[in-house]
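# Topology and contacts: notes
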Amino acid sequence: MTTVFKDVGHWNRFRNEMPNTTSLGCVPTLGGLHEGHLSLVRRSLEENETTVVSIFLNRVQFNNASDYENYPANFEEDVAKLKALGVDAIFSPAHDQLYPDFYRYRIIEDEESRSMEGTHRPGHFDGVLTVVMKLLNILRPNRAYFGEKDYQQLQLVKKMTEAFFLPVKVVSCPTIRDANGLALSSRNRRLTSRGLVKAARFPEILVNAENVELAVAELKEAGFEVEYIEERGGRRFGAVVLENVRLIDNVSLNVADAQLRSGMSRTSRQAEGQLK
Ligand code: PAF
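Let me begin by describing the structure that accompanies this report.

### Re the overall build of the chain
In terms of helices and strands, the chain carries 12 helices and nine strands. Taking 276 residues into account, the globule formula puts the C-alpha radius of gyration at 19 Å, and the chain, at 19 Å, falls close to it. Considering only residue pairs separated by 6 or more positions, the chain has 72% of its internal contacts joining residues 24 or more positions apart. Accessible surface computed for the chain: about 13,300 Å², of which carbon and sulfur atoms make up 50%. Across the chain, the 35 positively charged side chains and the 37 negatively charged ones have centroids separated by 2 Å.

Structural data, given as structure tokens:
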């Protein structure tokens with residue numbers, strides 16, 4: 001049975017009654033659940049006796065009002081998907097339950113959160129880290145699951161749990177892609193069917209371009225507005241805009257990923273060919 005908790009006190013009573021020997025896995029989400037989220041949920045269900053999924057559209061992490069307003073949230077659909085998987089609990093509080101202080105207190109990371117996504121979305125990571133800290137303190141999971149699609153977020157959350165000695169293991173899970181190689185994201189729903197196919201050129205170019213400059217040039221040529229392409233720690237990161245939809249992705253530059261590279265090229269070119 002899946003129980004929906006909208007109130008912190010209600011959750012606390014449930015959590016306090018859980019035996020210490022029962023492991024709790026948590027999957028924090030903004031809602032608008034797709035296969036990417038569900039892969040994290042499945043992993044948590046496999047590795048823990050109890051799984052809680054949080055659905056909370058965290059206003060303070062959206063630096064852009066229209067991105068917040070257009071976020072494709074659908075609570076009833078999300079609950080149905082989670083029930084079908086056999087999730088034990090859904091935590092979905094109202095905004096003032098999590099922010100009784102009106103966001104006066106917040107977590108700020110002062111270095112890595114200022115680059116890439118942080119440069120283009122000022123204040124974004126303050127909002128992410130603050131809500132994740134609140135959720136981890138309230139839910140008290142043994143493991144928390146995050147996707148590599150938001151790699152910078154994943155690293156910042158991991159390092160925050162270390163910096164604050166939080167007793168939780170952050171589990172990183174691989175990016176889930178569609179048949180053309182496009183990373184799944186709730187925002188993909190705002191693309192037209194033509195845009196959806198075209199968007200697959202983004203990971204293809206990200207993974208195949210010889211260097212950052214060529215990646216930028218090829219993406220522009222393919223019709224994307226490029227926010228940034230950067231390389232660090234053996235990965236290439238990027239953010240682009242297509243049809244007013246912002247897409248982010250990152251890929252490993254390891255030789256071992258060459259197979260993925262050639263697979264991606266083939267599928268996305270075939271799909272584009274079908275559009276012509
Ligand atoms: O990745 C997300 O969906 C959000 O940033 C998160 C981690 C749920 C925090 O609101």
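### Overview of the packing of helix H7 (residues 124-139) against helix H8 (residues 151-163)
Between two packed helices, both the angle of their axes relative to each other and the distance between the axes serve to describe the pair. Running from N to C, H7 and H8 point in directions that differ by 50°, and their axes come no closer than 11 Å. Here H7 is positioned oblique relative to H8, judged by the angle of their axes. H8 is crossed by H7, and the crossing has right-handed handedness. Residues Phe125, Val128, Leu129, Val132, Met133 and Leu136 of H7 form the contact with H8, whose participating residues are Gln152, Gln153, Leu156, Val157, Met160 and Thr161. Split by residue class, the contact of H7 with H8 holds nine nonpolar, three polar and no charged.

### As for the sheet that holds strand S4 (residues 89-91)
With respect to topology, six strands assemble into an open sheet ordered S1-S4-S3-S2-S5-S6, the strand pairing being parallel. Among the strands making up the open sheet, the edge pair consists of strand S1 (3-5) and strand S6 (169-173). Recorded for the sheet is a direction-independent mean angle of 25° between the axes of neighbouring strands. Sheet analysis places strand S2 (residues 24-29) next to strand S3 (residues 50-55), joined by six bridges and oriented parallel. When the sheet's bridge partners are listed, proline 28 is paired in S3 with serine 54.

### Things to note about the pattern of salt bridges
Per the counting criterion, the structure on display carries 16 salt bridges. Note that glutamate 112 and lysine 159 form a salt bridge whose closest N and O atoms lie 3.0 Å from each other. Within this pair, whereas glutamate 112 is found in the loop between helix H5 (95-98) and helix H6 (117-120), its partner lysine 159 is found in helix H8, the two being separated by 47 residues in sequence. For glutamate 112, a relative accessible area of 30% translates into the label partly exposed. For lysine 159, a relative accessible area of 39% translates into the label partly exposed. Here arginine 201 and glutamate 204 are joined by a salt bridge, their closest N and O atoms 3.1 Å apart. Linking arginine 201 with glutamate 204, this pair stays in helix H10 (residues 201-208), spanning three residues, or about one helical turn. Per residue, the accessibility class of arginine 201 equals that of glutamate 204, and both read buried. Look at the salt bridges and you will find they share partners, linking Asp67, Arg121, Arg187 and Arg190 into a network.

Cut-off values and rules
- Residues numbered from 1 in each chain as written.
- Predicted model: local features only at pLDDT ≥ 70, side-chain atom pairs only at ≥ 80, totals over all residues.
- Heavy atoms only, no water.
- Helix = DSSP H or I, 4+ residues; strand = E, 2+ residues; numbered from the N terminus.
- Rg over C-alpha atoms; globule rule 2.2 N^0.38 Å.
- Contact = heavy atoms within 4.5 Å.
- Areas by Shrake-Rupley, 256 points an atom, 1.4 Å probe, with all protein chains shown as cover.
- Lys, Arg positive; Asp, Glu negative; His and termini not counted.
- Charge placed at Lys NZ, Arg CZ, Asp CG, Glu CD.
- Axes fitted to C-alpha atoms, helices over the stretch in contact; angles between N-to-C directions.
- Parallel < 35°, antiparallel > 145°, perpendicular 65-115°, else oblique.
- Left-handed = near helix turned anticlockwise from the far one by under 90°.
- Nonpolar A, V, L, I, M, F, W, Y, C, P; charged D, E, K, R; others polar.
- Pairing = 2+ DSSP bridges.
- Salt bridge = Lys/Arg side-chain N within 4 Å of Asp/Glu carboxyl O.
- Buried < 20%, exposed > 50% of the residue type's maximum accessible area, 1.4 Å probe, protein only.

By themselves, these observations are geometric and do not establish any function.
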